[in-house]
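Listed below are the residues making up each chain.
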There are 2 protein chains.
Amino acid sequence: MTGRLSDEGVTALHGAGGELMGKFLAERVLPLFQLRSAGPIGLDQLDDGAVVDLPPGHLVVTTDNHVVKPFLFPGGDIGRLAVCGTVNDLAVMGARPVALTLGLLLEEGFPFSDLERVLRSAAGVLAELGVPLVAGDTKVMGRGELDRIAINTTGIGVAERVISDAGLRVGDAILVTGTVGDHGMALLAAREGFKLATGLTSDVAPLWPLLAPVLASGGITAMKDPTRGGLAAALNEMARKAGVGIEIHEEAIPLRPEARALSELLGISSLEVACEGRAVLAVVPDRAEAVLSLLRDHPLGRDSQIIGEVIPTYPGRVILDTGIGGRRFLEMPLGDPVPRIC
Amino acid sequence: MTGRLSDEGVTALHGAGGELMGKFLAERVLPLFQLRSAGPIGLDQLDDGAVVDLPPGHLVVTTDNHVVKPFLFPGGDIGRLAVCGTVNDLAVMGARPVALTLGLLLEEGFPFSDLERVLRSAAGVLAELGVPLVAGDTKVMGRGELDRIAINTTGIGVAERVISDAGLRVGDAILVTGTVGDHGMALLAAREGFKLATGLTSDVAPLWPLLAPVLASGGITAMKDPTRGGLAAALNEMARKAGVGIEIHEEAIPLRPEARALSELLGISSLEVACEGRAVLAVVPDRAEAVLSLLRDHPLGRDSQIIGEVIPTYPGRVILDTGIGGRRFLEMPLGDPVPRIC
């Protein structure tokens, strides 16, 4: 059964820096990754670090630990999630991913078959994006010292123009690139055993191919990916940092009916759970429709919507227009209601 | 008691991306780090990534997961270890550390006091080196899902001239910058309860201040830090990669008497356990004495020794001259005999 610890799985020696680790990396890990360098010294050299030849632009760096539970979930796994999580953080900074590092933590007994599946997923996204894995590290913890697997990914990217999450200006339109909360709701459904009933899958996907043409077209003042804490956390953070208000029209927020139903069933708001393949954009008003149209041209962005605008009142707050005249604050969540979401 | 999980420790919400995590980072984590940016967007902005202004040179990247057990050990802790481990990987590539990222994994209930102690250690080394922490990530796993704490550090450095671990040439002298195996033996002693008896402490320290003047003086053909698998693994890796033999004179290897005694008692070779503040250097013959003297000028290098030389015979192997005419292969260890060493 997938995910069960095995006596033929990873052992302490696979992370112990000697002969067995070297063989393990050379035979089982490195060949999974098509692109293994971004300069004269890369993964194949198994040196103490990698040398990265940088294209011109601003260097952007981001790091993420991934501990998602279960590590295989509807629509993805921790490998795909780890790469997407990190390249998406680069993308919403306006940066094209240039190189990635991967730090593996494994529980002793973690099956090689699961490890291969997870690494193949990670490698698949990287190959799709043309991004090399340039450096890595593997450590093995004893049985009971770690719940199976955790992955750190650190990404290096280059931005022609850096986009912060604080650049919103009054009048900007607020766009979201697709349905909200699918990742969190799919995980919840899987954990609660609602999988067959809902068919919900995670939205986990790399955003750079969607965002690159939009960035090139201009007019973006701020971006953020709504991961932990979902759309509610992302919007609140953006409003606070820019010292502006944001008004959101609830009926404009794209939501899958299955996510809406599950949200009502479990009493958890879709707006507060993580997406892993969506971005929130602030766009100057006269570019909003053009950006929307560009986003919708891409398969990942076909459900994009203009969901609101930046307002001069209520600085630092997010107002939810619930229709028929109702308005309330959309509060910063205390935290994502789903633990180990990413 | 230090290290015990606490009801007043970290909770799931401290890693859940919302209000509580933001408050926790702003109040308890960020202020511990003196230097928080290497460009216009750094740690304080809590944006999706950091922007790093790079000085001229070759960009070097390295990543490490740290899972050392116990996380507080004689001579250091996981915070100091994490920073040193990563900046040392940069240093032995010839790279000055420019920026660091830090990914925290915490078990729910991990005491804030221990977290502060660990982060203060990390911050202390960074401040000493003048290196900013530019980005981070914190995730909390449930009780029993992680043994207390794991830390990923990813380092970005810049090298005027990159030094690989494969550059050895026949005739080069092999130097080590201090006593060997102290980190591994100190951990073993602590675990086995021999602490008071031995007084051994880890050698964990940042190598850049020791190596920078040596690099500037020239003549270094290869460098490596002997971490997991110790001196034996480092030398074997260097010999294999360069396709040369290395002959080492056993009596020249600096060893603390306490480490030697413990090694005999436990039947574990000091040459196979990790150092965390030592480097192995290959140096062109006519620069060897000058480099030795430069190394000894620095407090971290005062026990430096020339321990051997690169030979044309036995390519890919390491020969240990045991004195009085004895010679044997120093084999690549299967793995470091001490689990969770770093």
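On a predicted model such as this, the values are computed, not experimentally measured, just so you know.

Rules and cut-offs
- Residues numbered from 1 in each chain as written.
- Chains lettered and ligands numbered in written order.
- Predicted model: local features only at pLDDT ≥ 70, side-chain atom pairs only at ≥ 80, totals over all residues.
- Heavy atoms only, no water.
- Pairing = 2+ DSSP bridges.
- Helix = DSSP H or I, 4+ residues; strand = E, 2+ residues; numbered from the N terminus.
- Axes fitted to C-alpha atoms, helices over the stretch in contact; angles between N-to-C directions.
- UniProt positions renumbered as here; feature names shortened; annotations may be inferred.
- Buried < 20%, exposed > 50% of the residue type's maximum accessible area, 1.4 Å probe, protein only.
- Right-handed = clockwise from strand over helix to strand, strands pointing away.
- 1 Å grid on protein atoms, 1.4 Å probe; cavity = no way out; pocket = protein on both sides within 12 Å on 5 of 7 lines; lining within 4 Å.
- Points joined across faces, edges and corners; volume = space filled by probe spheres on them.
- Nonpolar A, V, L, I, M, F, W, Y, C, P; charged D, E, K, R; others polar.
- Least-squares fit on C-alpha atoms with pLDDT ≥ 70 in both.
- Contact = heavy atoms within 4.5 Å.
- Parallel < 35°, antiparallel > 145°, perpendicular 65-115°, else oblique.
- Left-handed = near helix turned anticlockwise from the far one by under 90°.
- Buried area = accessible area lost by both parts, 1.4 Å probe.
- Salt bridge = Lys/Arg side-chain N within 4 Å of Asp/Glu carboxyl O.
- Polar contact = N/O pair within 3.5 Å; in protein donor to acceptor, adjacent residues only side chain to side chain.
- Phe/Tyr/Trp six-rings, centres within 6.5 Å; stacked < 30°, edge-to-face > 60°.
- Lys NZ or Arg CZ within 6 Å of the ring centre and 35° of its normal.
- Domains from an automatic or database assignment.

Caption draft 1: Local environment of the sheet that holds strand β5 (residues 95-107) of chain A. A sheet is described by the order of its strands in space; here five strands give the open sequence β6(A)-β5(A)-β7(A)-β2(A)-β1(B), paired in mixed fashion. If you trace the sheet from one side to the other, it starts and ends with β6 (133-141) of chain A together with β1 (50-52) of chain B, each paired once. Within the sheet, the average angular offset between the axes of one strand and its neighbour, ignoring direction, is 20°. The pairing of β5 of chain A with β6 of chain A spans eight bridges and is classified as parallel. Bridging from a neighbouring strand, T101 of chain A pairs with A135 of chain A of β6 of chain A.

Caption draft 2: Up close: the UniProt feature "domain: PurM-like N-terminal" (unreviewed entry) in chain A. Taken from the UniProt record, the annotation "domain: PurM-like N-terminal" (unreviewed entry) applies to residues 47-159 of chain A. With 28% helix and 43% strand, residues 47-159 of chain A has end C-alpha atoms that lie 28 Å from one another.

Caption draft 3: Region of the structure containing the pairing of strand β6 (residues 133-141) of chain B. For β6 of chain B, a buried count of eight out of nine residues is recorded, marking the element as mostly surrounded by other parts of the structure. On the question of chirality, the crossover connecting strand β5 (residues 95-107) of chain B to the parallel β6 of chain B by way of helix α3 (residues 112-129) of chain B is right-handed.

Caption draft 4: Empty space enclosed by the protein, seen in detail. All chains considered together, the criterion is met by four cavities of 30 Å³ or more. Taken as a whole, the largest cavity holds about 100 Å³ of empty space. As for the largest cavity, its lining consists of 13 residues, of which G15, A16 and V140 of chain A together with P339 and R340 of chain B are closest to the centre. Residues that form the lining of the largest cavity fall into these classes: eight nonpolar, one polar and four charged. Approximately 50 Å³ is the volume attributed to the second largest cavity. Contributions of two or more residues to the lining of the second largest cavity are made by β5 and β7 (149-159) of chain A together with β5 and β7 (149-159) of chain B. Residues belonging to the lining of the second largest cavity are distributed by class as follows: six nonpolar, six polar and no charged.

Caption draft 5: Examining the relation of the copies chain B and chain A more closely. Rotating chain B by 180° and translating it 0.0 Å along the rotation axis places it on chain A, where the RMSD comes to 0.0 Å. The transformation relating the two chain copies, once decomposed into turn and shift, fits a two-fold axis. Ranked by how close their C-alpha atoms come to the rotation axis, the residues of chain B are headed by L146 of chain B, at 2.2 Å. By residue overlap, the copies meet face to face through one surface: 100% of the interface positions of chain B are interface positions in chain A.

Caption draft 6: Highlighting the packing of helix α6 (residues 208-217) of chain A against helix α9 (residues 288-297) of chain A. Residues and elements named next belong to chain A. Running from N to C, α6 and α9 cross one another at 155°; their axes reach a closest spacing of 9 Å. As judged from the angle between their axes, α6 and α9 are roughly antiparallel. In terms of crossing hand, the pair formed by α6 and α9 is right-handed. Packed against α6, whose contacting residues are L210, L211, P213, V214 and S217, the element α9 presents V291, L294 and L295 at the interface. When the residues that make up the contact of α6 with α9 are grouped by side-chain class, the tally is seven nonpolar, one polar and no charged.

Caption draft 7: Geometry of the interface of chain B and chain A. Contacts between the two partners involve 70 residues from chain B, matched on the other side by 70 residues from chain A. Each partner contributes to the roughly 5,400 Å² buried at the junction of chain B and chain A, and carbon and sulfur atoms together form 55% of this total. For the pair chain B and chain A, the number of links is 10 salt bridges. At the boundary of chain B with chain A, the tally comes to 46 residue pairs in polar contact (both at pLDDT 80 or more). Residue assignment for the side of chain B that touches chain A shows that the elements contributing at least two residues are α1 (19-29), β1, β2 (58-66), β5, β6, β7, β9 (220-224) and α7 (230-242) of chain B. Top contributing element to the side of chain B that touches chain A by residue count: β2 of chain B, with eight residues. Taken together, the residues that form the side of chain B that touches chain A break down as 32 nonpolar, 19 polar and 19 charged.

Caption draft 8: Structural context of the packing of aromatic side chains. Residue and element names in this part refer to chain B. Taken as a whole and judged by the stated rule, the model has six aromatic pairs over all chains. Summarising the aromatic geometry, the rings of F24 and F112 are spaced 5.9 Å apart at their centres and angled 55° between planes, so their arrangement reads as tilted. Here the residue F24 occupies a position in helix α1, and F112 occupies one in helix α3, the gap between them amounting to 88 residues. Above the face of the F112 ring, R28 is positioned so that its terminal group lies 4.0 Å from the ring centre. Sitting over the ring of F329, R317 keeps its end group 3.7 Å from the ring centre.

Caption draft 9: Structural context of the domain arrangement of chain A. All names here are of chain A. Entries for chain A in the domain assignment read domain 1 (12-159) and domain 2 (173-329). Each of domain 1 and domain 2 has a C-alpha centre, and the two are 28 Å apart. Tallying the contact residues gives 23 residues for domain 1 and 23 residues for domain 2. Ranking the residues of domain 1 by area buried against domain 2 places P74, N88 and V92 at the top, with a combined share of 34%. For the interface between domain 1 and domain 2, the tally reads zero salt bridges. Applying the counting rule to domain 1 against domain 2 returns six residue pairs in polar contact (both at pLDDT 80 or more). Listed by contribution, the elements that provide at least two residues to the side of domain 1 that touches domain 2 are α2 (78-91), β5 and α3 (112-129). The greatest single-element share of the side of domain 1 that touches domain 2, amounting to eight residues, is contributed by α2. Among the residues making up the side of domain 1 that touches domain 2, the classes are represented as 13 nonpolar, five polar and five charged.

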